[in-house]
Amino acid sequence: MKVAILIQCHKNPGQINRLLKVMEHRDVEFFLHIDLKSTMEKDIAKRKDVHILPKRLRVKVAWGGYSQVEATLHLLRYAKGYGIYDFFWLISGQDFPLKPIEEALGFLEAHRQYNFVGLAKSSHYGIGHENNLDKRNTVYVPSWMVKRRSIPFILIKRLYIEITGGYNRTFPIFRRKNETGLDFYFGSSWNCLNREAVSWILDYLSNHKEYESFFQTLIMNSPFKERRMDILTYIDWSEGKNSPKTLTTEDFHDMTESGFYLARKLDEGIDRELIGLLENYIGEMQREHGGWKKENT
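Note that the structure is predicted; figures quoted are calculated from it, not measured. (Residues numbered from 1 in each chain as written. Predicted model: local features only at pLDDT ≥ 70, side-chain atom pairs only at ≥ 80, totals over all residues. Heavy atoms only, no water.)

Another aspect to go through is the packing of helix α2 (residues 67-82) against helix α7 (residues 195-207). Contact pair α2 / α7: the axes reach a minimum separation of 11 Å and the direction vectors enclose 115°. Helix-helix and strand crossings are classified by hand; for α2 and α7 the assignment is left-handed. Two secondary-structure elements touch here, α2 through Leu73, Leu76, Arg77 and Lys80 and α7 through Val198, Ser199, Leu202 and Leu205. Residue composition of the contact of α2 with α7, grouped by class: five nonpolar, one polar and two charged. (Axes fitted to C-alpha atoms, helices over the stretch in contact; angles between N-to-C directions. Helix = DSSP H or I, 4+ residues; strand = E, 2+ residues; numbered from the N terminus. Left-handed = near helix turned anticlockwise from the far one by under 90°. Contact = heavy atoms within 4.5 Å. Nonpolar A, V, L, I, M, F, W, Y, C, P; charged D, E, K, R; others polar.)

Here the focus is the layout of surface pockets. Over the atoms, a rolled probe matching the size of one water molecule traces out where space is still vacant. Volume-wise, the second largest pocket comes out at about 210 Å³. Taken together, the residues of the lining of the second largest pocket break down into four nonpolar, two polar and seven charged. (1 Å grid on protein atoms, 1.4 Å probe; cavity = no way out; pocket = protein on both sides within 12 Å on 5 of 7 lines; lining within 4 Å. Points joined across faces, edges and corners; volume = space filled by probe spheres on them.)

The subject of this paragraph is the nonpolar core. Core analysis: the largest hydrophobic core is formed by 40 residues, its most contacted members being Ile5, Ile7, Met23, Phe30, Leu32, Trp89 and Leu108. Breaking this core down by element, the ones donating at least two residues are β1 (3-9), α1 (13-22), β2 (28-34), β4 (87-92), α3 (101-110), β10 (262-264) and α10 (272-288). With five residues, the single largest contributor to this core is α3. If you look at the next biggest cluster of nonpolar residues, it comprises 33 residues, including Ala4, Leu75, Phe88 and Tyr204. (Core = buried A, V, L, I, M, F, W, Y, C linked by side-chain atoms within 4.5 Å. Buried < 20%, exposed > 50% of the residue type's maximum accessible area, 1.4 Å probe, protein only.)

The next point concerns the side chain of Ser123. Inspection of the secondary structure assignment puts Ser123 in the loop between β6 (115-116) and α4 (135-138). The class of Ser123 is buried, set by a relative accessible area of 19%. Within the local environment of Ser123, its side chain forms a polar contact with the side chain of His124, the two groups lying 3.5 Å apart. With residues near it in sequence (within four places) discarded, Ser123 still touches Gly128, His129, Glu130 and Asp134. (Polar contact = N/O pair within 3.5 Å; in protein donor to acceptor, adjacent residues only side chain to side chain.)

Bringing the sheet that holds strand β9 (residues 233-235) into the picture now. The three strands lie next to each other as β5-β10-β9, forming an open sheet whose pairing is mixed. Where the open sheet ends on each side, the last strands, each with one partner, are β5 (95-97) and β9. In this sheet, neighbouring strand axes are inclined to one another by 30° on average, regardless of whether the strands run parallel or antiparallel. Strand direction decides the pairing type here: β5 and β10, joined by three bridges, are antiparallel. (Pairing = 2+ DSSP bridges.)

Counting buried positions along β1 yields seven of seven residues, so the element is predominantly enclosed. The alternating pattern of β1 places Val3, Ile5, Ile7 and Cys9 and Ala4, Leu6 and Gln8 on opposite faces, both of which are buried. Each parallel crossover has a hand, and for β1 linked through α1 to β2 it is right-handed. As paired strands, β1 and β4 are joined by six bridges and run parallel to one another. Residue pairing across strands places Val3 opposite Phe87, the latter belonging to β4. (Right-handed = clockwise from strand over helix to strand, strands pointing away.)

A few words now on the packing of α1 against α10. Where α1 contacts α10, the axes come no closer than 11 Å and their chain directions differ by 10°. Judged by the angle between their axes, α1 and α10 are roughly parallel. Along the contact surface, α1 presents Gln15, Arg18 and Val22, while α10 presents Arg272, Ile275, Gly276, Glu279 and Ile282. Residue classes in the contact of α1 with α10 are distributed as three nonpolar, two polar and three charged. (Parallel < 35°, antiparallel > 145°, perpendicular 65-115°, else oblique.)

Remember that the coordinates give geometry; whether it matters functionally is a separate question.
What follows is the structure, given as structure tokens:
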């Protein structure tokens, strides 16, 4: 079984190189989308299994914008054109493994028919009524409100949301018409899709140029709806912010006992010790299983 690991990244090349080393395996290829604003390409490890997208396929990724979807699609299309892979696993440059890559590959081998896509509760999943996620589609929100995160713009966006009906409803005069006929779904960007689903998605997009509301909606309106499992990444949203908690050594036990295969998000500039702990933890697991690395790399 072959897996393409697709990495969106923009900083900390040393941390990314450690990620690439821990996940190295003969059945894995890495494809990196480096944010076009970043200059770290020269610092990424030069290996035959590591492929950096050319500049013409890289975009300036903005928080909360469509640019992240663009980067993901560039990664999918580039990797699919490069070779034949059974899974396309999208991760962040600030992810790090919680288990040996061999164990993750074994799990994917046993679940080839599934796609790992996280769903958040919204009108069509979990709660049956509109919430702040549905609001993203029911009303038009100018991109400048989303991209700018300073307090004045946050207040302007909050006022705009209230004028249009609040977070849990939209007044009819502001409601956008759904011309797609699709039910909308929401969730984490970090999915793992099998070859069949990726082919279906890319084919669908080539025939529906107007489509904008992405992977959760596609999967849940596709033939793969009943073959979905949750994402493979541990993420801590306990701080209640728009971004997940940056994990530290204090989170080590919760991470490693979670059952997930990756954790997000780590930052060597904030806690370098945690990455070393995980490297040692994974190395010990590999030694306990008779030298997986020696056999498979």
